[in-house]
Amino acid sequence: MSESRSRPGALVIGAGIGGLTAAVALHQRGWRVTVLERAPAVEAVGAGMGMTPNSLRALDTIGLGDTVRSMRTWSDEGGLRTPSGRWLSRTNQEAAAARFGGPFVPLHRATLISLLHSRLPEGAVRTDTAADVADPGGEDRRARVRSGAQEWEADLVVAADGIHSPARSVLFPGQPGPRYAGFTAWRLVVPAPDVAYPPHETWGRGALWGTQPLHDGHVYAYAAAAVPAGQRTPDGELAELRRRFGTWHEPVPAILRAAGPGDVLRSDVHQAAAPLPAFHRGRVALLGDAAHAMPPTLGQGGNQAVEDAVVLAHHATPGTDVPAALDAYTNDRLPRTGEVVRRAIRVGRLVTLTSAPACALRNAAVAVVNRLGPHLELRALDGIADWSPPGHQGAVGVNGTRKAGS
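Predicted, not measured: the structure shown is a model, and the values here were computed from it.

Calculation rules
- Residues numbered from 1 in each chain as written.
- Predicted model: local features only at pLDDT ≥ 70, side-chain atom pairs only at ≥ 80, totals over all residues.
- Heavy atoms only, no water.
- Helix = DSSP H or I, 4+ residues; strand = E, 2+ residues; numbered from the N terminus.
- Buried < 20%, exposed > 50% of the residue type's maximum accessible area, 1.4 Å probe, protein only.
- Contact = heavy atoms within 4.5 Å.
- Lys, Arg positive; Asp, Glu negative; His and termini not counted.
- Charge placed at Lys NZ, Arg CZ, Asp CG, Glu CD.
- Pairing = 2+ DSSP bridges.
- Expected span 1.5 Å × (residues − 1).
- Arc of directions from axis to C-beta.
- Axes fitted to C-alpha atoms, helices over the stretch in contact; angles between N-to-C directions.
- Phe/Tyr/Trp six-rings, centres within 6.5 Å; stacked < 30°, edge-to-face > 60°.
- Lys NZ or Arg CZ within 6 Å of the ring centre and 35° of its normal.

Student: Quick question: what am I supposed to make of the overall build of the protein here?
Tutor: From N to C terminus, the protein includes twelve helices and 18 strands. Oriented by its inertia axes, the alpha-carbon framework of the protein measures out at about 65 × 55 × 40 Å. Counting every position in the protein, which comprises 406 residues, the buried fraction comes to 56%. In the protein, the share of contacts with a sequence separation of at least 24, taken over all contacts with a separation of at least 6, comes to 72%. Looking at charge distribution, the protein has the averaged site of its 42 positive side-chain charges lying 5 Å from that of its 37 negative ones.

Structure, rendered in structure tokens:
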């Protein structure tokens, strides 16, 4: 069946972080928004994430930035380490705030999902609704979205349907999908161990580990290793983590002791094989991983999805020429996210080096550069974490125009 053609509105496919941020931003701009989610409930897929100053400024536009900033957890120095515990470089929240205009905030994805969901009208999210784009629409016709026998028409469709996006395949059928990045990732959230644990990322041979304290007394940990795609461990992922990382410096062994088999999530990492020609077609916009899949090595996957959402809402006001608004959205987002993807891929190659001499050279270079100029790891986010959304006074990052203090 089809909803009335006279009903204006926007449909969002996917109730992840990017989709819900877009839904909230569009709702606040005056759109009538419906979110279609294939899962039986709105829930976080994943464990933790790190919100960076760029996405926090994006959340300011929908009234959530300060709420998330209040969850910041650390001020003591953290940084980069080796598996033995030796520090390669150090940094802290004060240095981050001075460089990028705000803190870094690690939090559970479920926390952000819940905050976003709470900002939508009751009934705006329809779960158990796997939806596909049937027609992207155009200047003279609405887009059509189908779920089984049910069909909707919408003035605007936002496809936030993930890394293997069906909508992307409809909009750009000849485009190659994301490819394996060469490593797999594990994530877990456990009660904080009873040992000292400044936030850190540790680089080994073909492997890394990260530890981030959360505001609620838990710790978010993540790990990665260069292994063939599709590889899984017969005795479970926790056993695999203990084999690979159990002898690394504290608090890694303590975190692994605190974890249970059901706490560990594993997923192969994929990245965009080639940039899309655009982030839209007709009246359908792609957002987040559907538009620009990237490895998590800069911690920007979710952050860039939040950016996408508020920029899209900035351009697409109710009653606007939607195809023209989506042209503006593509022009804003495609160059920036393309550069972020390229930089994340370069960092991924660096942190998953497997050769012992190459790793030794990498570590020595990091340590030397850090002695010459502290807070080395922050430099990887120059031009990224200093971005501000349209209409926000301050800096923009990669391929932007405004600068801090302008």
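What follows continues from the structure just given.
Student: What should I look at first to understand the environment of Val12 in this one?
Tutor: If you trace the backbone, Val12 turns up in strand E1 (residues 10-13). Using a relative accessible area of 0% as the deciding quantity, one classes Val12 as buried.

Student: Hey, could you run me through the side chain of Glu307 in this one?
Tutor: In this structure, Glu307 sits in helix H10 (residues 301-315). When neighbours within four sequence positions are excluded, Glu307 is seen to be in contact with Asn54, Ala58, Arg333, Arg336, Ile384 and Trp387.

Student: Is there a simple way to explain the pairing of strand E14 (residues 207-213) in this structure?
Tutor: When a strand is regular, its side chains alternate between the sheet's two faces. Of all seven residues making up E14, seven are buried, and the element is well covered by its neighbours. On E14, burial covers both faces: Ala207, Trp209, Thr211 and Pro213 on one face and Leu208, Gly210 and Gln212 on the other are all buried. Sheet topology places strand E13 (residues 200-203) next to E14; four bridges connect them, and they run antiparallel. Of the residues in E14, the one forming a bridge with Glu201 is Gly210. Counting the residues that bridge the hairpin from E13 to E14 gives three residues, and of these Gly206 lies at a positive phi of roughly 65 degrees. Examined bridge by bridge, E14 and strand E15 (residues 218-225) share seven bridges and lie antiparallel to one another. Note that in E15 the partner of Thr211 across the bridge is Ala221. Adjacent in sequence and paired antiparallel, E14 and E15 are bridged by four residues, among which Gly217 carries a positive phi angle near 90 degrees.

Student: Just to check I follow, could you spell out helix H12 (residues 356-372) for this structure?
Tutor: For an α-helix, 3.6 residues make a turn, and residues three or four places apart therefore share a direction. With 17 residues, H12 should reach 24 Å at 1.5 Å per residue; the first-to-last C-alpha distance of 25 Å fits that figure. Turning to H12, its buried residues number three or more, namely Cys359, Arg362, Asn363, Val366, Ala367 and Asn370. One side of H12 carries all its buried residues, which in axial view fall inside an arc of 125 degrees. In H12, the exposed residues that point more than 90 degrees away from the buried face are Pro357, Leu361, Arg371 and Leu372. Residues of H12 that are buried make contact with strand E4 (78-81), strand E5 (87-91), E13 and helix H11 (322-351).

Student: Please clarify how the sheet that holds strand E10 (residues 150-154) should be interpreted in this entry.
Tutor: Backbone hydrogen bonds are what pair the strands of a sheet, in a parallel or an antiparallel way. The strand order across the open sheet formed by three strands is E8-E9-E10, and the pairing between neighbours is antiparallel. Each edge of the open sheet is held by one strand with a lone partner, namely strand E8 (132-135) and E10. Adjacent strand axes in the sheet meet at a mean angle of 35 degrees when their direction is disregarded. In this sheet, strand E9 (residues 143-147) lies alongside E8 in antiparallel orientation, the contact comprising three bridges.

Student: Explanation requested: the pairing of E13 in the structure shown.
Tutor: Along E13, one buried face is formed by His200 and Thr202 and the opposite face, lined by Glu201 and Trp203, is buried too. Bridge count between E4 and E13: three bridges; the pairing is parallel. Of the residues in E13, the one forming a bridge with Leu80 is Glu201.

Student: Is there a simple way to explain the sheet that holds E1 in this structure?
Tutor: Overall, mixed pairing links the six strands, which are arranged E7-E2-E1-E11-E18-E17 in an open sheet. Edge positions in the sheet fall to strand E7 (125-126) and strand E17 (280-281), since each has one partner strand and no second. Where strand E2 (residues 33-36) and E7 come together, two bridges link them in parallel fashion. When the sheet's bridge partners are listed, Val35 is paired in E7 with Val125.

Student: How should the packing of aromatic side chains be read in this particular structure?
Tutor: A ring pair, where both rings are aromatic, is described by two values, the distance of the centres and the angle of the planes. Summed over the entire model, instances satisfying the criterion amount to six aromatic pairs. Look at Phe279 and Tyr329: their rings are 6.4 Å apart centre to centre, the planes differ by 55 degrees, and that puts the pair in the tilted class. Of the two residues, Phe279 is situated in the loop between strand E16 (265-271) and E17 and Tyr329 in helix H11; the sequence distance between them amounts to 50 residues. Judged by its relative accessible area of 0%, Tyr329 is buried. In this structure, Arg333 is placed above the aromatic ring of Trp387, and the distance from its NZ or CZ to the ring centre is 5.7 Å.

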